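Fold and geometry: a report
These are the residues of each chain, in order.
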Amino acid sequence: MNSRFVPRPDPEADVLRQTPTAAVVTASYAPDFERCRLLCETLDRYVSGVAHHYLLVEHRDVALFRQLENSRRTVVDERDLLPRWLHAFDDPLSLFRRRIWLSLKTMPLRGWHVQQLRRIAISAHAGEDVLVFCDSDVAFLKPFDCSAFWRDGKVRLFRRNGVLSGDGHEEHRVWSRNAGSALGIDPSVVSTHDYISTLIAWRRETVTAMCARIEKIHARGWVEAVGAARKFSECMLYGRYVDDVLEGAGHFHGSEEYCRVHWAGEALSDDEFLRFVAAMAPEQVAIGMQSFIGTDISRIRRLIGLV
């Protein structure tokens with residue numbers, strides 16, 4: 001465990017606590033800084049049951065994100081999580097607007113690939129029992145207790161049953177097949193479940209066991225094995241490991257989404273935004289405005305009353 005960024009556990013508190021500890025994990029980058037600031041403000045206002053909040057960023061973004069640190073929030077440099085042989089560069093093919101991660105051991109990786117690797121890697125360094133993943137373009141609008149992810153000693157695994165058997169999910173099916181390959185699951189065992197959502201939870205010890213299995217099967221580091229295919233999903237990896245390898249042990253399933261997300265399309269007008277919020281399901285406590293859509297963050301602040 002890297003003591004440079006992980007809070008030192010209190011052994012007495014660990015013995016006395018009756019419920020598991022939870023950490024919120026957010027992978028972000030400089031262009032999303034103001035969105036991440038809004039997430040932090042709304043998380044601090046509305047979310048309970050959180051022992052710590054980890055912000056996982058590229059090395060060059062560490063100083064910027066340090067502004068968001070407090071007693072329960074730590075910025076984690078990806079160099080403390082991922083192998084040093086994975087190097088980030090400005091990509092000339094994008095006129096240096098985007099980043100690319102290169103090595104001799106993986107395919108060329110983009111930012112969204114590396115963010116997924118960071119989310120997996122934090123499990124080897126954090127001390128909390130449950131990792132709650134929340135994107136940096138999310139804002140909480142209602143009170144939420146992370147105990148919702150824990151029931152009778154089991155962690156809630158988000159799963160939408162059978163959706164991959166329908167049309168329009170080819171990319172998800174590829175991610176699922178590649179997850180099965182990374183985990184050493186017989187190719188004849190095909191999953192039709194979708195495990196991808198915003199605001200979901202993993203059992204930390206299960207993630208470390210998953211990584212150990214991948215390394216044993218492929219006789220190399222899990223980052224190399226996963227990064228050998230550019231089409232992968234950390235959520236598919238974890239979901240298939242739990243369901244197909246562990247047969248659901250330590251988990252219960254839930255299909256309700258706690259965050260209502262505007263995934264694609266145009267930026268919403270004020271009236272459209274307010275209607276979007278009004279249409280939140282009773283169990284939904286947060287909204288996500290995908291950053292690439294371009295919704296102005298100051299307008300979001302105004303509309304949710306955080307000017």
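Before reading on, note that the structure itself is shown above.
About the cut-offs
Residues numbered from 1 in each chain as written. Predicted model: local features only at pLDDT ≥ 70, side-chain atom pairs only at ≥ 80, totals over all residues. Heavy atoms only, no water. Helix = DSSP H or I, 4+ residues; strand = E, 2+ residues; numbered from the N terminus. Rg over C-alpha atoms; globule rule 2.2 N^0.38 Å. Buried < 20%, exposed > 50% of the residue type's maximum accessible area, 1.4 Å probe, protein only. Contact = heavy atoms within 4.5 Å. Areas by Shrake-Rupley, 256 points an atom, 1.4 Å probe, with all protein chains shown as cover. Pairing = 2+ DSSP bridges. Axes fitted to C-alpha atoms, helices over the stretch in contact; angles between N-to-C directions. Polar contact = N/O pair within 3.5 Å; in protein donor to acceptor, adjacent residues only side chain to side chain. Disulfide = S-S within 2.5 Å. Expected span 1.5 Å × (residues − 1).

1. Topic: the overall build of the protein chain
Helix and strand content of the protein chain: 10 helices and 15 strands. Against the globule reference of 19 Å for 307 residues, the protein chain gives a C-alpha radius of gyration of 19 Å, in line with a compact fold. In terms of principal-axis extent, the alpha carbons of the protein chain reach across some 55 × 50 × 45 Å. Taking all 307 residues of the protein chain together, 51% fall into the buried category. A separation of at least 24 residues holds for 76% of the contacts in the protein chain among residues at least 6 apart in sequence. Surface exposure of the protein chain reaches about 14800 Å², of which carbon and sulfur atoms provide 51%.

2. Focus: unusual backbone geometry
If a residue is not glycine, its phi is most likely negative; likewise, a peptide bond is most likely trans. Phi is positive for F96, close to 65°, though the residue is something other than glycine. As for its placement among the helices and strands, F96 is situated in the loop between β5 (87-90) and β6 (99-102). Here E247, not a glycine, exhibits a phi torsion of approximately 55°, which is positive. If you trace the backbone, E247 turns up in the loop between α8 (234-245) and β13 (251-254). Judged by relative accessible area, E247 falls into the exposed class, the value being 71%.

3. Things to note about the pairing of strand β1 (residues 22-27)
The buried fraction of β1 is high, at six of six residues. Residues A22, V24 and T26 point to one face of β1 and A23, V25 and A27 to the other, with burial holding for every one of them. For β1 and strand β7 (residues 130-133), the ladder comprises four bridges, and the chain directions are parallel. Its bridge partner being in β7, A23 is matched across the sheet by L131. Alignment of β1 against strand β3 (residues 52-57), held across five bridges, turns out to be parallel. From the neighbouring strand, A27 faces β3, where its bridge partner is L56.

4. Topic: the sheet that holds β7
Spatially, five strands are ordered β4-β3-β1-β7-β12 in an open sheet, and the strand pairing comes out mixed. The open sheet has two free edges, formed respectively by β4 (73-77) and β12 (200-203), since each of these has just one partner strand. Within the sheet, the average angular offset between the axes of one strand and its neighbour, ignoring direction, is 30°. Across the sheet, helix α4 (residues 111-121) lies against β1, β3, β7 and β12, angled at about 145° from β3, the strand it touches most.

5. Overview of the side chain of D77
Mapped onto the secondary structure, D77 falls in strand β4. Residue classification places D77 among the buried positions, given a relative accessible area of 10%. In terms of polar contacts, D77 uses its side chain to reach the side chain of H59, at 2.6 Å. Those residues in contact with D77 that sit more than four places away from it in its chain are V57, E58, H59 and V62.

6. Focus on the state of the cysteines
Inspection of the entire model under this criterion finds zero disulfides. Residue C211 stays outside any disulfide, its sulfur separated by 14 Å from that of C235, the closest cysteine. Residue class for C211 comes out buried when judged on its relative accessible area of 8%. In this model C235 remains outside any disulfide bridge; the closest cysteine sulfur is found in C134, 12 Å from its own.

7. So, helix α5 (residues 170-182)
Taking 1.5 Å per residue, 13 residues should reach 18 Å; α5 reaches 18 Å between its end C-alpha atoms and fits that length. Along α5, the residues that are buried comprise H172, V174, W175, S176, A179, G180 and A182. Where α5 is buried, its residues touch α6 (204-218) and α8. Where α5 ends, the next residue or the one after it, G184, has phi of about 75°, a positive value.

8. Remarks on the environment of H87
By secondary structure assignment, the location of H87 is in strand β5. For H87, a relative accessible area of 41% puts it in the partly exposed group. Taking the C-alpha atoms as reference points, H87 and I185, 98 residues apart in sequence, are found 30 Å from one another.

9. Description of the sheet that holds strand β11 (residues 154-158)
Overall, mixed pairing links the three strands, which are arranged β10-β11-β13 in an open sheet. Sheet topology places β10 (150-151) and β13 at the edges, where each strand pairs with a single neighbour. Sheet topology note: the β10/β11 ladder contains two bridges and is antiparallel. Looking at the pairing, W150 lines up with V155 of β11.

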